[in-house]
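Coordinate inspection notes
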Amino acid sequence: MALTPSVNICVLCKSQIGAQTKPEHVLLNALGGRMTVSHIICPACNQAMGNGPDKDLADSVAFIRNMCGMSAGDGDDAPMIRGLQTDGERFDLMSGMEVKMRPYRPLDVRVTEDRVDVDIGAYSDAQAETLAENAARSIAKKLGKSSEAVVQAIKQDILKDKKVQIVPAPAISQQLKFGTGRSQQAMAKACLVLWSKAVGTEEVLNARYDSVRNFILSTDGDFAEVKLDTRSWTAFPEKYGTNPNYICVGSNGGGAVFGYYRLFGAIGWRFNLCESGAPPDSFCCLISNPLHIATWDFVTGDQAFDLVQPMFEEWDPWPPNFAPVQSALSRLAELAHQKSQDKATLDWVTEAFSRTGLAEGDELKEEHIRSVIKYITPRILATVLRKPISTDE
């Protein structure tokens, strides 16, 4: 009996799809994907892919997303990167590579009969205040004098010896592992779903797609019909930026179908979806600007022709030449670095002016300017010289 799309059959496991299903992102949500489809993948396959291949692909791009502050397709912030270490320093990275230090022992309180020692390692005034108060309460409790007045007196005594250094952000080095784990299965799945959107599920349910279907559902991720592409592609419409994410699927004159998944305009993978028999000379492409997720398009036919043509070319994937990949990713790194510097500068200026006590409409006096310069200068020096700068703040 032939399977037909009228009963909503899953293009992966070929089981019937119920009426209530969650939308499936075509381009991964973590990559800024906004386009969704329904009734192409069943809830069970959607969940299995989300917990396996899709997660591996999302994890592989987490550092790039954090570095550039790339939002997810649903608007969520770029992920935090936890537990990094450089030169003995432990820290987390907030979205946009904002460093949050994690000292190994931020507070050490030692109380003996004739001596109290307190060591605090803080990376902000607010953290120092909090740790000093915690230390004060601990000391007051051990002394049996836990009134609020005593706690505040001890806290002020601790803070009077506070020494401030402006410390440059740690150097960060991270190895990128695109396409590892089961990521390629997530890419092949996205290609198959996009092709279903373009030509209909009845075509994709045909047995000629069973090889790639089995690859997507397998646990070992072994598929001979995949080809790494480290070539440089330059034919991107300007509105998608220099590093778009995109998925292309197309058939040649003989009805062979290829799917192609490219990350950040830098590196791609081509999948042989079927050998022959598909509607010939058909093309579709989903392209998205990862830095401006509202800018994306799904194009078919002649509109997609120029975008998919490099996919049909033949190239030697081995040994891979990663120079074009590094060049493409360096553009993202430069954008991220500039964005990070701009944010740090704005934060310094905002904090410096807030410390002057100026309200809107107040006259800016010479002492205010000196105060701002005094606050900003050591931060600039620490950043430029890459060394701690002491200050009397």
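This report concerns the structure included in the present document.

Applying the stated criterion across every chain yields a total of 25 salt bridges. Here Arg102 ties to Asp92 by a salt bridge, and the two come within 2.8 Å at their closest N and O atoms. One end of the pair, Arg102, is in the loop between strand E5 (98–101) and strand E6 (107–111); the other, Asp92, is in strand E4 (residues 89–94), with 10 residues separating them in the sequence. Here Arg102 falls in the partly exposed class, since its relative accessible area comes to 31%. A salt bridge links Arg137 to Glu148, with the nearest nitrogen and oxygen atoms 3.1 Å apart. With Arg137 in helix H4 (residues 125–143) and Glu148 in helix H5 (residues 148–159), the pair connects residues that are 11 residues apart, well separated along the chain. The exposure class of Glu148 is partly exposed, given its relative accessible area of 42%.

With that settled, the discussion passes to the sheet that holds strand E3 (residues 81–86). Consider a sheet: its strands pair through backbone hydrogen bonds, and that pairing is either parallel or antiparallel. The antiparallel open sheet is built from 3 strands, whose spatial order is E3-E4-E5. Strands at the two margins of the open sheet, each flanked by one partner only, are E3 and E5. Neighbour to neighbour, the strand axes of the sheet diverge by 40° on average, direction disregarded. Where E4 meets E5, 4 bridges bridge the pair, whose relative direction is antiparallel. Residue pairing for E5: Met94 is matched across the bridge by Glu98.

Cut-off values and rules
Residues numbered from 1 in each chain as written. Predicted model: local features only at pLDDT ≥ 70, side-chain atom pairs only at ≥ 80, totals over all residues. Heavy atoms only, no water. Salt bridge = Lys/Arg side-chain N within 4 Å of Asp/Glu carboxyl O. Helix = DSSP H or I, 4+ residues; strand = E, 2+ residues; numbered from the N terminus. Buried < 20%, exposed > 50% of the residue type's maximum accessible area, 1.4 Å probe, protein only. Pairing = 2+ DSSP bridges. Axes fitted to C-alpha atoms, helices over the stretch in contact; angles between N-to-C directions.

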